[in-house]
Amino acid sequence: MLLLESLREGSIPSPTAKNKTSLIFARLVFSFYISIINNLIMAQQGMNLNISLDKTTPLACEECGCETFTQVTFLRKVSKFIAGTDQDALIPIPSFACTNCHHVNDEFQPKNLGE
Ligand SMILES: [Zn+2]
């Protein structure tokens, strides 16, 4: 009810009941997507500010021990019959490879990502 009251003070002059409802709905959807996008950006950049560096462990390449990685992209193909599209679809899966030997650690393989 508080939300509805604050939205009603918007700048649109004497909106119809239908316009009012769709305006409220649009604002709710908009803020919902903004919060999702913010979460995605924070997760991607590892910006959880509550965790200090000494609470983390370094990660090294399984093959050569190098501790720096570069972002790479795996591509998975999906049949158009499964994707429900006109053509076969490509799904890009971001991952990390060693900057020294280009090895992709097991935990960064597409089958292990997202677990
Ligand atoms: Zn390596």
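Here the structure is a predicted model, which means the values were calculated and not measured.

## A look at the overall build of the protein chain
Each helix and strand in the protein chain was counted, giving 3 helices and 2 strands. When burial is assessed residue by residue, the protein chain has 3% of its 115 residues classed as buried. Here the contacts in the protein chain between residues at least 6 apart in sequence split such that 42% fall between residues at least 24 apart.

## Focus: the pairing of strand β1 (residues 69-78)
Burial of β1 is sparse: only 0 of the 10 residues sit out of reach of the surface. Where β1 meets strand β2 (residues 89-98), 10 bridges bridge the pair, whose relative direction is antiparallel. Bridge pairing in β2 places Thr-73 opposite Pro-94.

## Some points on the confidence of the model for the protein chain
The predicted model of the protein chain averages 76 in pLDDT, with 57% of residues at 70 or higher. Contacts of residues 1-12 to residues separated by more than four positions or lying in other chains number 5 contacts, the stretch itself having pLDDT below 50.

## Concerning the environment of Ile-91
The residue Ile-91 is located in strand β2 in this model. Each C-alpha atom of the pair Ile-91 and Val-78 lies 7.4 Å from the other, and the pair is 13 residues apart in sequence. Not counting chain neighbours up to four residues away, the residues in contact with Ile-91 comprise Arg-76 and Val-78.

## What to know about unusual backbone geometry
A positive phi angle, near 70 degrees, is found at His-102, a position not held by glycine. Structurally, His-102 can be placed in the segment after β2. Owing to 12 C-beta atoms within 10 Å, His-102 belongs among the exposed residues under this scheme.

## Digging into the environment of Asp-88
In this fold, Asp-88 is placed in the loop between α3 (80-83) and β2. Each C-alpha atom of the pair Asp-88 and Val-78 lies 5.7 Å from the other, and the pair is 10 residues apart in sequence. Residues in contact with Asp-88, not counting those within four places in the same chain, are Lys-77, Val-78, Ser-79 and Lys-80.

Criteria and cut-off values
Here the residue numbers are simple positions, counted from 1 along each chain's written sequence. The predicted nature of this model means local features are confined to residues of pLDDT at least 70 and side-chain atom pairs, given and counted, to a pLDDT of 80 or more, with totals for whole chains, interfaces and linings taken over all residues. Helix and strand assignments come from DSSP, with helices taken as H or I runs of at least 4 residues and strands as E runs of at least 2, each series counted from the N terminus. Residue burial here comes from a neighbour count, namely the number of other C-beta atoms, placed from the backbone, that lie within 10 Å of the residue's own C-beta, with 20 or more meaning buried, 12 or fewer meaning exposed, and in between meaning partly exposed. Placing a C-beta atom from the backbone of each residue, one calls two residues in contact when those atoms lie within 7 Å. By definition, two strands form a pair when at least two bridges between them are found by DSSP. Residue-level confidence of the predictor, termed pLDDT, takes values from 0 up to 100.

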